[in-house]
Structure formats: C-alpha cells, structure tokens
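Each chain is listed here by its residues.
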Amino acid sequence: MDVSAERLQKYLRVIPRAVSLLALINDTEPKVEFLMDDDIWQQRAFQCHPLLNTETYVLTKRKALIFKATGH
C-alpha cells in the first residue's frame, strides 16, 4: 500500500477511488481539512460515494452542513 492509500485508510477509513464527503464521519479527531471549490458549494446538491465507489448518493447542501458538527 502506498503512503497516500495508507493515509486514506488511517484518517478516513476508505480506499483510493472511494474518497467521499461522507468519509469525514470517520475522521473523529479531526485530522483532515475539508476544502470544497466555491463553484461546487454554490450548487443545491452534491453527488458522493457512500464510502465505497459502487453507488452514488445525492446529498443536499443543507445535509452536507451536518459535517460542521464533526469539526470540519
């Protein structure tokens, strides 16, 4: 496993190609800094993987704000 994959596993508990906004729930300390492009943030909803890249969910901006409660 390369260093980047190890860090994804350590902090977000996901594998490469499965990184998602939803993975922030696994970063309980929080060690990961969340950044989002402003053009994307201005949209009403976002598509994201549910910690695996086999499905895609649509998350409204209002629901995405719940990650503020995790310290992100």
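Please refer to the structure placed before this passage.
Residues numbered from 1 in each chain as written. Predicted model: local features only at pLDDT ≥ 70, side-chain atom pairs only at ≥ 80, totals over all residues. Heavy atoms only, no water.

Student: Please set out the overall build of the chain residue by residue, giving values where relevant.
Tutor: Regarding its fold elements, the chain presents three helices and two strands. Secondary structure elements of the chain, listed N to C terminal, follow the sequence α-α-β-β-α. Over its C-alpha trace the chain gives a radius of gyration of 12 Å, about what one expects of a compact globule, namely 11 Å for 72 residues. For the C-alpha atoms alone, the extent of the chain along its principal axes is close to 35 × 25 × 20 Å. Intrachain contacts of the chain at a sequence separation of at least 6 include 39% that bridge at least 24 residues. For the chain, the accessible area works out to roughly 5,600 Å², and carbon and sulfur atoms hold 52% of it. Within the chain, the 9 negative side-chain charges are centred at a point lying 7 Å from the centre of the 10 positive side-chain charges. (Helix = DSSP H or I, 4+ residues; strand = E, 2+ residues; numbered from the N terminus. Rg over C-alpha atoms; globule rule 2.2 N^0.38 Å. Contact = heavy atoms within 4.5 Å. Areas by Shrake-Rupley, 256 points an atom, 1.4 Å probe, with all protein chains shown as cover. Lys, Arg positive; Asp, Glu negative; His and termini not counted. Charge placed at Lys NZ, Arg CZ, Asp CG, Glu CD.)

Student: Break down the pattern of salt bridges for me, citing the residues and quoting the values.
Tutor: Scanning the model with the defined rule gives one salt bridge in all. The salt bridge involving Glu 29 is made with Lys 31; its shortest N-O contact spans 3.8 Å. Owing to a relative accessible area of 60%, Glu 29 belongs among the exposed residues under this scheme. (Salt bridge = Lys/Arg side-chain N within 4 Å of Asp/Glu carboxyl O. Buried < 20%, exposed > 50% of the residue type's maximum accessible area, 1.4 Å probe, protein only.)

Student: Can you tell me about the pairing of strand β1 (residues 45-48), naming the residues and giving the values?
Tutor: Judged by which residues are buried, β1 turns out to be one-sided: Phe 46 and Cys 48 face inward and are buried, whereas Ala 45 and Gln 47, on the alternate face, are not. Relative to strand β2 (residues 57-60), β1 runs antiparallel, the two being bridged by four bridges. Bridging across to β2, Gln 47 finds its partner in Val 58. (Pairing = 2+ DSSP bridges.)

Student: I'd love a proper account of the nonpolar core, names of residues and values included.
Tutor: Of all hydrophobic cores here, the largest spans 12 residues; its members are Leu 8, Leu 12, Val 14, Leu 21, Leu 22, Ala 23, Leu 24, Phe 46, Cys 48, Leu 59, Ala 64 and Phe 67. Mapped onto this core, the elements with two or more residues apiece are α1 (3-12) and β1. (Core = buried A, V, L, I, M, F, W, Y, C linked by side-chain atoms within 4.5 Å.)

Student: Hey, could you go over the side chain of Ser 20 for me, with residue numbers and the actual values?
Tutor: If you trace the backbone, Ser 20 turns up in the loop between α1 and α2 (38-41). If we skip the residues at most four places from it in the chain, Ser 20 touches Cys 48 and His 49.

Student: Describe the environment of Ala 23, with residues and values.
Tutor: With respect to the helices and strands, Ala 23 occurs in the loop between α1 and α2. Considering only alpha carbons, one finds Ala 23 and Tyr 11, 12 residues apart in sequence, at a separation of 9.0 Å. Ala 23 has contacts with Leu 12, Val 14 and Leu 51, leaving out every residue within four places of it along the chain.

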